[in-house]
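# An overview of the molecular structure
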Amino acid sequence: MGKEQTVISAIGAVSSNGMIGLNNWLPWDIPEELAYFERAVAGAALVIGRQTYESMEVVPADSFILTRQSDFTPRFGCTAVNSIKAALRGALATGKQVFVIGGASVYAAAWPYCRYFYLTRIDRDFAGDVRFPDAVDLAPCHVDELARQTYLERHSGEAVSCRFLRYERQSPVAVTAD
Ligand SMILES: NC(=O)c1ccc[n+]([C@@H]2O[C@H](COP(=O)([O-])OP(=O)(O)OC[C@H]3O[C@@H](n4cnc5c(N)ncnc54)[C@H](OP(=O)(O)O)[C@@H]3O)[C@@H](O)[C@H]2O)c1
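Now for a look at the structure at hand.

Before going further, it helps to examine the site of the ligand. If you check the shell around the ligand, you find 27 residues, and the closest are Gly 12, Gly 21, Gly 49, Gly 102 and Gly 103. Elements with a minimum of two residues in the shell around the ligand: β1 (8-15), β2 (19-21), α2 (50-55) and α4 (104-110). Here the shell around the ligand is built from residues that sort into eleven nonpolar, 14 polar and two charged.

Here it is as structure tokens:
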């Protein structure tokens, strides 16, 4: 028996109408939801799509940036990788917890390898230009509601309900060498 692999998790937030992004940022402005995300991934190794990476002001060390560009130079402490397996292998090799933080195609590519999806369901429709991927089928997963809170969404000035869920899949695929 080999050593058991570190758990890989995905994390993100989605609106009632399936949106995750707008203009290369989030469709909403809910500081408490962002703070939940930041607390959850603090100290972890991150797997990030290039577009999401470009939108982030601060990117922690031990982040693995997915890109198909051969000449991409990421910020200090980050590593550019050209496949999801390379990203996950690199993240696992750090010995830290591993979080896949999106966007859409990265969630889709990484989901077979993930044990958990920490998903905040924001119970309102928002305009957006990036959707949560259909390829991430959460329907068969066991789901735990970790918390439920109502926060002020700052663009609209309206209260929104956020459900902090954790989906668990039974048999994630192991990350192997190519
Ligand atoms: N609500 C949330 O929780 C959440 C989370 C994350 C992001 N977002 C939002 O989502 C939007 C960005 O997401 P997105 O889906 O448009 O972009 P993305 O996934 O962040 O980045 C896409 C880019 O990643 C690279 N890539 C993706 N899959 C790859 C693979 N298998 N192999 C190699 N490279 C790969 C490619 O980069 P190159 O073009 O360089 O080749 C691709 O253009 C933003 O609006 C962001 O704010 C929301």
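Following the structure, the description resumes.
Turning to the pairing of strand β3 (residues 45-49), a few remarks are in order. The buried fraction of β3 amounts to five of the five residues, a majority that puts the element mostly inside the structure. Residues Ala 45, Val 47 and Gly 49 point to one face of β3 and Leu 46 and Ile 48 to the other, with burial holding for every one of them. Of the strand pairs in this sheet, β3 and strand β4 (residues 63-66) are connected by four bridges, and their pairing is parallel. Looking at β4, one finds that Val 47 is bridged to Phe 64. Each parallel crossover has a hand, and for β3 linked through α2 to β4 it is right-handed.

For helix α1 (residues 31-41), the full list of buried residues reads Glu 33, Tyr 36 and Val 41. Summarising the axial view, the buried residues of α1 lie within an arc of 115°, below the 170-degree limit, and thus occupy one face. Exposed residues lying more than 90 degrees from the buried face of α1 are Pro 31, Glu 32, Ala 35, Glu 38 and Arg 39. At its buried positions, α1 is contacted by β1, β3, β6 (98-100), β7 (116-122), β9 (142-153) and β10 (158-168).

Turning next to the nonpolar core. Judged by nonpolar contacts, the single largest core of 47 residues is most densely connected at Leu 46, Val 47, Leu 88, Val 100 and Ala 110. The leading source of residues in this core is α4, at five residues. Those residues in contact with Ala 110 that sit more than four places away from it in its chain are Ala 10, Val 47, Ile 84, Leu 88 and Val 100.

A few words on helix α3 (residues 84-93). For α3, every residue scored as buried is listed here: Ile 84, Ala 87, Leu 88 and Ala 91. Looking down the long axis of α3, one finds its buried residues gathered within 90° of arc, a one-sided arrangement. In the segment just after α3, Gly 95 is the residue with positive phi, at about 80°.

A few words now on the sheet that holds β10. With mixed pairing, eight strands are arranged side by side in an open sheet as β5-β4-β3-β6-β1-β7-β10-β9. Each edge of the sheet is formed by a strand with only one pairing partner; in this case those strands are β5 (78-81) and β9. Adjacent strand axes in the sheet meet at a mean angle of 20°, parallel and antiparallel pairs treated alike. Packing against the sheet, α1 makes contact with β1, β3, β6, β7, β9 and β10, and its axis sits at approximately 175° to β1.

Right, let's talk about the environment of Asp 129 for a bit. Mapped onto the elements of the fold, Asp 129 is located in the loop between β7 and β8 (130-131). Residues Asp 129 and Met 56 lie 73 residues apart in sequence; the distance between their C-alpha atoms is 18 Å.

A separate point is the environment of Tyr 107. As for its placement among the helices and strands, Tyr 107 is situated in helix α4. Take Tyr 107: there are 24 C-beta atoms within 10 Å of it, and that puts it in the buried class. Apart from residues no more than four positions distant in its own chain, Tyr 107 is found in contact with Ala 10, Gly 12, Val 100, Gly 102, Pro 133 and Val 136.

Between Gly 102 and the following residue, Gly 103, the backbone shows a cis peptide bond with an omega angle of 0°. Relative to the elements of secondary structure, Gly 103 occurs in the loop between β6 and α4. Positive phi values are uncommon outside glycine, yet Asn 23 reaches one of about 50°. For Asn 23, the location among the structural elements is in the loop between β2 and α1. Of the residues examined, Asn 23 has 11 C-beta atoms within 10 Å and is grouped as exposed.

Calculation notes
- Per chain, residues are indexed from 1 in the order of the written sequence.
- For this predicted model, a pLDDT threshold of at least 70 governs which residues receive local features, and a threshold of 80 or more governs which side-chain atom pairs are given and counted, while totals over whole chains, interfaces and linings are taken from all residues.
- All residues are tested the same way: a C-beta atom is placed from the backbone, and lying within 6 Å of a molecule or strand makes the residue near it.
- Starting at the N terminus, helices and strands are each numbered in turn, a helix being any DSSP run of H or I of at least four residues and a strand any DSSP run of E of at least two.
- Residue polarity follows a fixed list, in which Ala, Val, Leu, Ile, Met, Phe, Trp, Tyr, Cys and Pro are nonpolar, Asp, Glu, Lys and Arg are charged, and the others, Gly among them, are polar.
- Counting other C-beta atoms within 10 Å of each residue's C-beta, where C-beta atoms are placed from the backbone, gives the exposure class: buried for 20 or more, exposed for 12 or fewer, partly exposed between.
- Note on pairing: two strands pair once DSSP finds at least 2 bridges between them.
- Note on handedness: a clockwise path from strand one over the helix to strand two, with the strands aimed away from the viewer, defines a right-handed crossover.
- This arc is taken over the directions from the axis of the helix to the C-beta atoms.
- A residue pair is marked as a contact if its C-beta atoms, positioned from the backbone, fall within 7 Å.
- Take the buried Ala, Val, Leu, Ile, Met, Phe, Trp, Tyr and Cys residues, join any whose C-beta atoms are within 7 Å, and the set you get is a nonpolar core.
- Angles here are taken between N-to-C directions and fall from 0 to 180 degrees, while the axes themselves are lines fitted to C-alpha atoms, restricted in helices to the stretch in contact.

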